[in-house]
Amino acid sequence: MSCALYGNWWPLFVVATYVLAPLPNAIFGRYAGRDDLMSDYQGGIADAGYFLTGLMIITGFCLPIVLAHAGVITVPAMAMSISGGLLIYGTIISYSRFFAEEDDF
């Protein structure tokens, strides 16, 4: 929306971070915890996936700020891009919390 209203398509780069953010958890989470089935610690591979996911999420919020500071996009476009990111990540977190299975044993 911020791209169409302000005629500048640079905020679309933020969409790439939305698409790429869950990939490290999906890739590295598959290889974590294969050594011991009863262990609560998932290993360094899972931690690397969490780190890269966090890096992508922070990039999704900071990229519009950097673009606005450089004068590439306007401040209202930055605000719309950040609020869109909050909406997307909030929806994903709410969905995952609502449908999370609890272990009752």
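Scroll up for the structure.
Residues numbered from 1 in each chain as written. Predicted model: local features only at pLDDT ≥ 70, side-chain atom pairs only at ≥ 80, totals over all residues. Heavy atoms only, no water.

1. Notes on the packing of helix 3 (residues 23-31) against helix 4 (residues 44-69)
Look at helix 3 against helix 4: their axes get within 8 Å of each other, and the N-to-C directions meet at 175°. Between helix 3 and helix 4, the crossing angle belongs to the class labelled roughly antiparallel. Only I45, A46, A48, G49, Y50, L52 and T53 of helix 4 make contact with helix 3, whose side of the interface consists of P24, N25, F28 and Y31. (Axes fitted to C-alpha atoms, helices over the stretch in contact; angles between N-to-C directions. Helix = DSSP H or I, 4+ residues; strand = E, 2+ residues; numbered from the N terminus. Parallel < 35°, antiparallel > 145°, perpendicular 65-115°, else oblique. Contact = heavy atoms within 4.5 Å.)

2. A few points about the packing of aromatic side chains
In total, this model carries 5 aromatic pairs according to the counting rule given. Look at W10 and F13: their rings are 5.4 Å apart centre to centre, the planes differ by 40°, and that puts the pair in the tilted class. The partly exposed category is assigned to W10, whose relative accessible area is 43%. Centroid distance F98 to F99: 4.8 Å. Interplanar angle 85°. Geometry classified as edge-to-face. Side by side, F98 and F99 carry an identical accessibility label, which is exposed. (Phe/Tyr/Trp six-rings, centres within 6.5 Å; stacked < 30°, edge-to-face > 60°. Buried < 20%, exposed > 50% of the residue type's maximum accessible area, 1.4 Å probe, protein only.)

Just geometry here; none of it tells us what the structure is for.
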